[in-house]
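For reference, the chains in residue letters:
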Amino acid sequence: MKVLIRQATILCSSSPFNGQVKDILIVDGRISRISDTISESVDETITQNNIHVSAGWMDVFAHFAEPGFEHKETLESGSAAAAAGGFTDVMIIPNTQPAISSKSQVEYILQKSASLPVNIYPIATITKNAEGKELSEMYDMHASGAIAFSDGKNPVQSPGLLLKALQYISSIKGTIIQIPRDRSIGEKGLMNEGIISTRIGLPGIPAIAEELMIARDIELLKYTHSNLHITGVSTKKGIDLITTAKKDGLGISCSATPYHCFFNDEDLSQYDTNLKVHPPLRKKEDMLAIRKAVAEGLVDCIASHHFPEHWDDKTCEFEYAKNGMIGLESLFGAMNNNTQTLIEQLTINPRKIFGLQPVFIEEGSKACLTIFDPDQSYIFDAKMIRSKSRNSPFIGKQLKGKVIGIINENFIVLN
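How each quantity is defined
Residues numbered from 1 in each chain as written. Predicted model: local features only at pLDDT ≥ 70, side-chain atom pairs only at ≥ 80, totals over all residues. Heavy atoms only, no water. Pairing = 2+ DSSP bridges. Helix = DSSP H or I, 4+ residues; strand = E, 2+ residues; numbered from the N terminus. Buried < 20%, exposed > 50% of the residue type's maximum accessible area, 1.4 Å probe, protein only. Phe/Tyr/Trp six-rings, centres within 6.5 Å; stacked < 30°, edge-to-face > 60°. Lys NZ or Arg CZ within 6 Å of the ring centre and 35° of its normal.

## Considering the pairing of strand 5 (residues 52-55)
Right, on to step 1. Where strand 1 (residues 2-11) meets strand 5, 3 bridges bridge the pair, whose relative direction is parallel. If you follow Ile-10 over to strand 5, its bridge partner there is Val-53.
Right, on to step 2. One ladder, built from 4 bridges, connects strand 5 with strand 16 (residues 368-379); its direction is antiparallel. In the strand pairing of strand 16, Ala-55 is matched with Leu-369.

## Points about unusual backbone geometry
Right, on to step 1. Put simply, Glu-66 and Pro-67 share a cis peptide bond, and its omega is 5 degrees.
Right, on to step 2. Looking at the secondary structure, you find Pro-67 in the loop between strand 6 (57-62) and helix 1 (75-84).
Right, on to step 3. Here the amide bond leading from His-278 into Pro-279 is cis, since omega sits at -5 degrees, within 30 degrees of zero.
Right, on to step 4. Here Pro-279 shows up in the loop between helix 8 (258-262) and helix 9 (284-295).
Right, on to step 5. The phi dihedral of Asn-50 is positive, around 60 degrees, even though this residue is not glycine.
Right, on to step 6. Positionally, Asn-50 belongs in the loop between strand 4 (44-46) and strand 5.
Right, on to step 7. With relative accessibility at 33%, the residue Asn-50 sits in the partly exposed group.

## Quick word on the packing of aromatic side chains
Right, on to step 1. Going through the model one piece at a time under the given rule, you end up with 8 aromatic pairs.
Right, on to step 2. Ring centres of Trp-57 and Phe-332 lie 4.7 Å apart, and the angle between their planes is 35 degrees; this geometry places the pair in the tilted category. With Trp-57 in strand 6 and Phe-332 in helix 10 (residues 331-335), the pair connects residues that are 275 residues apart, well separated along the chain. Of the two residues examined, Trp-57 and Phe-332, each falls in the buried class.
Right, on to step 3. Taken together, the ring pairs in this structure connect Trp-57, Phe-87, Phe-332 and Phe-372 into an aromatic cluster.
Right, on to step 4. Sitting over the face of the ring of Phe-69, Lys-72 holds its NZ or CZ atom 5.1 Å from the ring centroid.

Take a look at the structure:
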């Protein structure tokens, strides 16, 4: 199959064509030619004003819910949502039923998703069934294809257990992923603790619950000299702790979510359950600090924290609503303030951190491309959602940066 992308601005710092406007010819899943103009009979021509092309985007923390929770999402619907959002690669968390806690579960995900247009990488559990009690068989799961290890929505609370996990994965050069939350602090909290939580009468989760966990895990990392990725950092102090740890030469990286850059606890005044998330939305000052850290490249990756939830679990009292929102389809439009830095956070950094081969835009390379218009503003509409769930507070919001589609070898998905 032949596909021609006409007059696209190439955004790929590793490409000799970076920043140039070129025609790109793709033949049978490989980039055949890159030139000023290409005249050739093709099966599909992609042309649009202000079209841009980068290496395929990668998300490092999403929930596709299968097996066990197919009413929320499946591998197929999650893949469709990812492709609509511009992602060619997605790392999925292990909080399924059963959990991705054995080599057979890792292999199930890889085999079931092999025919999908998006590359899906299973994150395996740190502890058996993500229960936080004893270590899982991480070596076997790594050998079967697990890209990293995390208990997903249930961050490991025991420092002794996490220390052992960090030591264990050193031999295989693996990476532990943690959401920063000490559950013993603000255990019954529903939102960020502060003036807003007091005003609207909801129990709070103090920032120290996150910052203490980050500080603890950094100390464990110093001891083990392993690799740790903190995802969903939501406070300025959390970013400062991680930045200092990087300067000290530790193997630490971090990712931020779109919603921690777009919303803050003031947005909860209407008790919108779609804004009930984990970690919670913090103060406006924290939101601005996370946004600044993303723009300056202090944040390594962007993580969608795409957590689909059924209508029944969101259309209820705030107290009983489950945490999470979907985020793959709206991520680029919500985060697109510094396009060049954002593209690196979606393409280069995640592959480097999690040990995948880099993607190049050059003749002879496999086609793994995201096509987009970084300047197009639009209203995000529910009709744009390909996920099985609709729990998104971005519906009705004006976003900037429209995804046109992806090409992942022989797969072409256009919006």
